[in-house]
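# Survey of secondary and tertiary structure
What follows is the residue order along each chain.
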Amino acid sequence: QVQIVESGGGLVQAGGSLRLSCAASGRVSNINVMAWYRQAPGEQRELVASITSGGSVNYANSAKGRFTISRDNAKNTVYLQMNSLKPEDTAVYSCVVHIRGIRTPYWGQGTPVTVSS
């Protein structure tokens, strides 16, 4: 079994910063891609950023220049540093972990981020 635990969400004023963390534990000996998605009320879930085990990153256009994804492979943890936050960044942010050889990815419960104007 795999457990995914996210932390770091909260309430912040526009222009502020937050750092999200997502730790995977259990049978996680071969993690491939780790990513962050978000879903705002009434909206579809969207990819924010992803990072491979080799460190290749991909960002949504809305995240480029403001968000930075990173990971610590030794700790099976992925981070999302979010700077210059905007009210439109308000959403539930969820972490997803893809493990080699396993088709279904593992999702965390999500951590809410609220950016006030």
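See the structure above.
Residues numbered from 1 in each chain as written. Predicted model: local features only at pLDDT ≥ 70, side-chain atom pairs only at ≥ 80, totals over all residues. Heavy atoms only, no water.

### Considerations on the overall build of the chain
Along the backbone of the chain there are 0 helices and 11 strands. Ordered by position in the sequence, the α and β elements of the chain form the string β-β-β-β-β-β-β-β-β-β-β. Its C-alpha atoms give the chain a radius of gyration of 14 Å, near enough to 13 Å, the size a compact globule of 117 residues would have. For the chain, the spread of C-alpha atoms along the three principal axes comes to 45 × 25 × 20 Å. Counting the 117 residues in the chain, one finds 39% classified as buried. Considering only intrachain contacts with a sequence separation of at least 6, the fraction spanning at least 24 residues in the chain is 53%. Element-wise, carbon and sulfur atoms account for 45% of the exposed surface of the chain, whose accessible area totals about 6,400 Å². (Helix = DSSP H or I, 4+ residues; strand = E, 2+ residues; numbered from the N terminus. Rg over C-alpha atoms; globule rule 2.2 N^0.38 Å. Buried < 20%, exposed > 50% of the residue type's maximum accessible area, 1.4 Å probe, protein only. Contact = heavy atoms within 4.5 Å. Areas by Shrake-Rupley, 256 points an atom, 1.4 Å probe, with all protein chains shown as cover.)

### Some thoughts on the sheet that holds strand β3 (residues 18-26)
Taken together, 4 strands build an open sheet; the order of strands is β1-β3-β8-β7 and the sheet is antiparallel. The open sheet is flanked by β1 (2-7) and β7 (67-72), the only strands paired with a single partner. Between one strand axis and the next, the sheet turns by 15° as a mean value, whatever way the strands run. Two elements, β3 and strand β8 (residues 77-82), share 6 bridges in a ladder whose sense is antiparallel. Following the sheet pairing, Leu20 is matched in β8 by Leu80. (Pairing = 2+ DSSP bridges. Axes fitted to C-alpha atoms, helices over the stretch in contact; angles between N-to-C directions.)

### Remarks on the environment of Leu85
Position of Leu85 among the secondary structure elements: in the loop between β8 and β9 (91-99). Classification of Leu85 as buried rests on a relative accessible area of 2%. On a C-alpha basis, the gap between Leu85 and Gln13 in space is 7.7 Å, while along the polypeptide they are 72 residues apart. When residues no more than four places from it in sequence are discounted, the contact partners of Leu85 are Val12, Ala14, Gly15, Gly16, Ser17, Leu18, Arg66, Phe67 and Val115.

### Some details on the pairing of β7
Side-chain positions along a regular strand alternate between the two faces of the sheet. Burial of β7 is one-sided: the residues Phe67, Ile69 and Arg71 facing one way are buried, the residues Thr68, Ser70 and Asp72 facing the other way are not. Alignment of β7 against β8, held across 6 bridges, turns out to be antiparallel. Across the sheet, the residue bridging to Thr68 is Gln81, located in β8. Counted between consecutive antiparallel strands, the loop separating β7 from β8 contains 4 residues, among which Asn76 sits at a positive phi close to 50°.

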